[in-house]
Amino acid sequence: MRQWKSGNFDRQLVSSAMHPFLPAHAAESLLSVNLEHLWARGKRLILLDVDNTIVKWKSEEFEAPILEWVNRAKQLGFDVCIISNTNHLERLERIVKFLGVETVRGRFKPSRAMFRLACIKYGHSAAEAIMIGDQIMTDVLGANRAGIDAIWVRRMEGEEFGGTKINRMIERALTGGIYRALVIPEDHGPADPTHPLPSDQPLVKQLVRFAVVGGSAFVIDTTLKHIVLRLIHVNGVPLGTIVGEAVIRDFPRIFGHALPEAAAFPFLGGPVSFLMIFYTYMLNRLWTFEAVGKSDKRTQLRRFFTVALIGIAIQNVIASLILGVMPGKLLVAQVLSTVFQAAWNFIGQRLYAFQDRRA
């Protein structure tokens, strides 16, 4: 799991484009949220997310400290309201009944609807409310849209809803920008400040460097494939034609309608792409993502190969399909298929291969 940082956020440290995604505070968990401090700040309404904030996804088994926190909030005089996007209303009703709180229903977060309904229900202004949740794209964004401060808590360990996983990918892409606005307490610094996490690095800088590495790899890759497929001849016949005809003859069900060059592409082009893995691995590790901290190099290489091999499959399948429709257009097939491959590789390398999983 990626490194977590707690503290307050200062919006003046980042551009206005990041403001909708910035929480007022980041906390290790719900239990790290100081209720007395919230009360002193004039907060009177606590809005709580459910899954992976106060209880694990699909679960109804609350940890005792969580129950004590909710009860203490009520004892201090806070109104507590559940704000959840769940479609499992029966489970939600059991949870609110068990906790002795209430909920509101409206358009899903990040819509402002449920936030506003909660404020109306309890008669509090947006300034008197605080949202606590584990997701930037729903809890924090929705609260900010409603003019409510948000506390972003580290999600509980365990499985998540499929749609939430998509939100997490967007969240990770935003994390570097979000953390640039974080005012970290003096006693809570990064584990390895000399080597920040890949997702803490500016996204634009990474994209530019990735493009430079990918562009140079594309030129090398395309040149080598052109040489192998077209310029190397055996008895006056291009190697791509010889191999393609053999592939069509041996695998007629798969390549029966393909032209020789298209059929040969996965077999002759694939190994060339495989060689480019080592080239791009070294440059992206050391330069693009600067992932040279405490991470296990073997783990990074294994993850990188997983991403890259899937990328090669994507490129070669798309290139073969294009060559089947546009015979002889090797360069066109290379360019279009490489665009899809590059998008996959950047996301996979940034969020998986070179993403430090330290706690």
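Cut-offs applied
- Residues numbered from 1 in each chain as written.
- Predicted model: local features only at pLDDT ≥ 70, side-chain atom pairs only at ≥ 80, totals over all residues.
- Heavy atoms only, no water.
- Pairing = 2+ DSSP bridges.
- Helix = DSSP H or I, 4+ residues; strand = E, 2+ residues; numbered from the N terminus.
- Contact = heavy atoms within 4.5 Å.
- Axes fitted to C-alpha atoms, helices over the stretch in contact; angles between N-to-C directions.
- Expected span 1.5 Å × (residues − 1).
- Bend = angle between axes of the 7 residues up to and from the residue.
- Buried < 20%, exposed > 50% of the residue type's maximum accessible area, 1.4 Å probe, protein only.
- Core = buried A, V, L, I, M, F, W, Y, C linked by side-chain atoms within 4.5 Å.

### Remarks on the sheet that holds strand β3 (residues 45-48)
- Here eight strands make up an open sheet; going across it, the order is β5-β4-β3-β6-β7-β2-β1-β8 and the pairing mixed. Looking at the sheet topology across the chains shown, the edges are occupied by β5 (102-103) and β8 (182-183).
- Both β3 and strand β4 (residues 79-82) contribute to a ladder of four bridges, which runs parallel. Each bridged residue has a counterpart across the sheet, and for isoleucine 46 the counterpart in β4 is valine 80.
- Docked against the sheet, helix α4 (residues 113-122) engages β3, β4, β5 and β6 (129-133), running at close to 145° with respect to β3.
- Across the sheet, helix α5 (residues 136-145) is in contact with β6 and β7 (149-153); its angle to β7 comes to roughly 160°.

### Thoughts on helix α6 (residues 162-179)
- The terminal C-alpha atoms of α6, which comprises 18 residues, lie 25 Å apart, in line with the 26 Å expected from a rise of 1.5 Å per residue.
- In the structure, α6 departs most strongly from a straight axis at alanine 173, where the bend amounts to approximately 40°.
- Among all positions of α6, only Thr164, Arg168, Glu171, Leu174, Thr175, Gly176, Gly177, Ile178 and Tyr179 are buried.

### Section: the nonpolar core
- Phe9, Leu47, Ile83, Ile148, Trp152 and Ile178 are the most contacted members of the largest nonpolar core, which has 33 residues in total.
- Secondary-structure elements contributing two or more residues to this core are β3, α4, β6, α5, β7 and α6.
- Not counting residues within four places of it along the chain, the set of residues in contact with isoleucine 83 comprises Leu47, Leu48, Asp49, Val104, Lys109, Met114, Phe115, Ala118 and Met131.
- Counting residues in each nonpolar core, the second largest holds 28 residues, with Ala27, Phe62, Ile82 and Val96 among its members.

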